[in-house]
Each structure stands twice: as C-alpha cells, then as structure tokens.
Amino acid sequence: MTTKTKRQERIVEILSLLHEGGSFEEAKRLFNEEFEGIDVTEITAAEKALIQNGLDPTEIQRLCNIHAAVFKGSINEIHQSNKEYGQPGHPVHTLKLENQVLQSLLTDEIDGLLEKMFKGDWSVKQRLQDALKDLLQIDKHYARKETLIFSYMEKYGITAPPKVMWGVDDTIREQIKDLNAYLASPKAAYNPLNEKWQATKNEIEEMIFKEEEIMVPMTLDVFSLADWQQIAKDSYDIGFAYIPEPLPWKPSKESLDKEIEREPARQAAIKQAKETTNSIAAGLETETVNPTEPVKETRDNQQITLPTGNLSVQELIKIFSSLPVDLTFVDDKDIVRFYSESDHRVFPRTNSVIGREVVNCHPPKSMHVVQKILDDFRSGTRDSADFWIDLHEKKIYIRYYALRENEKYLGCLEVTQDITEIQKIDGQNRLLDQE
C-alpha cells in the first residue's frame, strides 16, 4: 500500500469519526498529530469515499463546515498557475474583493449594530434593516459562481464540490430572507434575532473559506486562461455584489506563454480532479459544445427556410430577443443547446450553459424534480409542466414543454415569463382606443 493510499485512508477514518458522533476537538487533534498539511483534492477524495461507503450526500453538505474547520490553516497551496488571478478584473480577484467587502459588512456593520441593540439602542433598527437588505446582494456573488465557475468545474470532472456548495448557498439565501422577515416583524426581539444572525454569519464565513481555500486553488490548477477570460466576460451578464463593475480583464502575452509551459501540469491536475471527484469523463467523451470555443459566425443575410416562411439569421435573432419570454432548449439527452437573449431576462444565462447537463443548472434540492419531468417527457407520460414563483416582488411563470416529431422525443423547451403586470390587467385596451 502506497504512502498516499495510507494517508487517504487515515483522512477518511478521521472524517468517519466525526460522522459517527466523535468530537470536533478529537478529530482536530488527530489530524494535527498526523499531518502537516492537506491538499484540497484529498478532502474531496475522502468525502467521495464516505459517499461510496453508503453515507447520504446530503449529510456531507450538513457537515462540510466541520470538515473545513478541521483542515483550516493546514490546506496546502498546490496550484502552480500564473499570478494572473491577482489582477483586477480576473474572476478570482473579483470574487475575493467581494468577499472582503462582504466580511466587512458582516463584522463591521451588522455585528456593530447588533451590539448597540444588545445595549438597548433600538434606534439603529432601520440601519440594520438596510444592512441586511444589502446582504441580499450575495445572490449575485453566488449566481456567478453557480452559473459560470461550476459549469467549468463540471466540464473538467469536478462534480461533487459544486453540488455541495450550491446546497449551502441556497441555505444561506433562505437564512438571509428569514432574517429580513423577522426583523421587519413588530415582535422582533434581540435574542432570537442574534441567534438567527450568528447561524447565518457562520455559514457565510465558512463559505468564504471554502470558496477561497478549496474551490479557487482547485480551479486555478485546472482552468485555462481562456476559461477564465470567458468567465470574466460572462460575469457582466449576471452582475456583481458590493463592488462597482470591474474593469475588463484578459490574460497577458507573458501569461499565455507560461501557460504553454505548464500545460502538462494542468493536464495532470485535470486527471487528478477526475479521479478524486465524481467523474463525468464519459460525458466529456460524448459530443458536447465547449463553452470556451466561440460559436462559428453565420452570415446575417443567410436565409433559413421554415414551413411557414423564410427568415434571415439576423431576423431570427431579433425575433427571439424581442419575445416577452425567455426560452431555453434542452435536447433529448438533457443537454442545454440554446437560450434566447433579451435585455430583461428573468434568470441569467451565459454561453457557459451551452453543453451543460440541465439538471446541473438547478440547485441540488430541485435536481430530482427536473429530472423527473424530463424522464416523464421522454417516456411520453407527460407533455408539459407549469410552475409559478415569487421572485424579488415579481410573479414568475415557468413552463416546460416536451417537443416531439412523429412521437420521437426531441427535447424540452423551457419558457419563463414575468407576469407581474399581466396579472394587473383589467377591462379592455382595444386597438381602436389608440386612435
């Protein structure tokens, strides 16, 4: 048995101790006695081994904060990538800058206001409400990570960490909403408020740690400069949290030259990532669209013949972008192949979604629902599915349609629409009334 294998088995044993009810202090002591450091890939490999031995993946999500705390301060910087990530505009620089401002909001503003309320000064309640509303900006920070970074992680076979982190992101979102709702209540009291806050703050700070000390080193080893450039470009479609819009970034010639030299090391990192997480190697061998490869340009005046007429590519693009709905097409293999663009999309979409398995575009808690709808469409037991949700004071109507030709399943069309103003319509507004 190799030293690496023995080391990995011991890490699994220490994590198993935690899962079986052992104390955090004992696990931390064992780790400190036996290891000087640990690579992020070893953490994910150990968690994968636990799942393979029968542990519910949701239990990993519940305890991943404890895992991170055990290894905190001992994680090695294993990546050998260039230092471009320290440049303004690079997605990693932006992520860390947002986390700095976020940390200040947590400790300097919200903690300070709660301290005043503890001493009986409730005159700061409105200021605290404003701060907690500002905290909701975290949704854009998480959305960029989930929509862009996670899609590239999946492309390279790093599948387990995104699912775990997305689940925690959603927990944090709900905790912040609950805090805002509780503070708005006239019955709000300090002790329950502070208890809710401490739980939320702890989750946010642990996520900051996992983003910067686990996710970032792993992705810097694996992602190419072209990947980061595309992520930086697509980030503007989603927006930023707590900071002004960063300057555009692109890799320097020097960095591109160095990347050629380190390509063997990057390929080795990719191989290791596939081995130590739930691999999607089989998916990479099938025909998928590489999000880093630009779509081939088509002449705007090229005519497309349809059963009911002819349209140029330019006209077709304009029609899609002018529709008062957002369209997404998922093929018969559940891969995203197309989405429409408009100035006011309900949910953000970027080119990184093309070629991605559609279930991975949804939070873990709803993955099984999406998969069930697609399976029903494929089997022919269902033709459509409708949902409506409240999102930022808007009513959103989401519809799924099975597309078939001669009973053969072609894929699924998702139609999303903001119907807030439509619900207010009353009476008539006839064409003749416009005279």
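Residues numbered from 1 in each chain as written. Predicted model: local features only at pLDDT ≥ 70, side-chain atom pairs only at ≥ 80, totals over all residues. Heavy atoms only, no water.

Asks: Can you break down the overall build of the chain residue by residue, with the values?
Replies: Secondary structure assignment for the chain yields 15 helices and seven strands. Counting across all 435 residues of the chain, residues that qualify as buried make up 46%. In the chain, the proportion of contacts linking residues at least 24 apart, taken out of those at least 6 apart, comes to 67%. Accessible surface computed for the chain: about 23,800 Å², of which carbon and sulfur atoms make up 52%. (Helix = DSSP H or I, 4+ residues; strand = E, 2+ residues; numbered from the N terminus. Buried < 20%, exposed > 50% of the residue type's maximum accessible area, 1.4 Å probe, protein only. Contact = heavy atoms within 4.5 Å. Areas by Shrake-Rupley, 256 points an atom, 1.4 Å probe, with all protein chains shown as cover.)

Asks: Report on the sheet that holds strand β3 (residues 326-331), specifying residues and quantitative values.
Replies: Read from one edge of the open sheet, five strands run β4-β3-β7-β6-β5, paired in antiparallel fashion. Unpaired on one side and paired on the other, β4 (336-339) and β5 (384-391) mark the two borders of the sheet. Direction aside, the axes of adjacent strands within the sheet are offset by 20 degrees on average. Across eight bridges, β5 lies against strand β6 (residues 394-405) in antiparallel orientation. Each residue of the ladder has a partner; that of aspartate 386, found in β6, is arginine 399. (Pairing = 2+ DSSP bridges. Axes fitted to C-alpha atoms, helices over the stretch in contact; angles between N-to-C directions.)

Asks: Break down the confidence of the model for the chain for me, with residues and values.
Replies: Model confidence for the chain is summarised by a mean pLDDT of 81, while 77% of its residues fall at 70 or above. Ranking the elements of the chain by mean pLDDT puts helix α13 (residues 281-285) last, at 31, and β6 first, at 94. Note that pLDDT drops below 50 for residues 75-81; the model gives that stretch 21 contacts with residues more than four away or on any other chain. This stretch, residues 278-298, has a pLDDT under 50; its non-local contacts, to residues over four places away or in other chains, come to 31 contacts. (pLDDT = per-residue confidence, 0-100.)

Asks: Before we move on, can you summarise the pattern of salt bridges with the specific residues and values?
Replies: Overall, the coordinates contain 25 salt bridges when judged by the stated rule. Note that lysine 253 is salt-bridged to aspartate 257, the shortest N-O span being 3.1 Å. Taken together, the residues lysine 253 and aspartate 257, both in helix α11 (residues 253-261) and four residues apart, mark about one turn of the helix. Classification of aspartate 257 as partly exposed rests on a relative accessible area of 36%. With a shortest N-O distance of 2.7 Å, aspartate 390 and lysine 395 are connected by a salt bridge. A residue is classified by how much of its surface remains accessible, and aspartate 390, at 60% relative accessible area, is exposed. Through salt bridges with shared partners, one network takes in Asp139, Glu146, Asp170 and Arg173. (Salt bridge = Lys/Arg side-chain N within 4 Å of Asp/Glu carboxyl O.)

Asks: Now, about unusual backbone geometry: what can you tell me, with residues and values included?
Replies: Non-glycine residue aspartate 334 carries a positive phi angle of around 70 degrees. With respect to the secondary-structure elements, aspartate 334 resides in the loop between β3 and β4. For aspartate 334, a relative accessible area of 10% puts it in the buried group.

Asks: Any details on the packing of aromatic side chains? Residues and values, ideally.
Replies: Under the criterion given, the structure shown has nine aromatic pairs. Aromatic side chains phenylalanine 150 and tryptophan 166 sit 6.3 Å apart centroid to centroid with 50 degrees between the ring planes, which places their arrangement in the tilted category. Remark: tryptophan 166 occurs in helix α8 (residues 160-184) and phenylalanine 150 occurs in helix α7 (residues 138-155); sequence separation between them is 16 residues. Assigned by exposure class, phenylalanine 150 and tryptophan 166 land together as buried. Seen in terms of ring centroids, phenylalanine 223 and tryptophan 228 are 4.9 Å apart; in terms of plane orientation they differ by 50 degrees. Their pairing is tilted. An aromatic cluster of three or more residues is present, and its members are Tyr152, Tyr156, Phe223 and Trp228. For lysine 196, the ring lying beneath its charged end belongs to tyrosine 182, and the centroid distance is 5.5 Å. (Phe/Tyr/Trp six-rings, centres within 6.5 Å; stacked < 30°, edge-to-face > 60°. Lys NZ or Arg CZ within 6 Å of the ring centre and 35° of its normal.)

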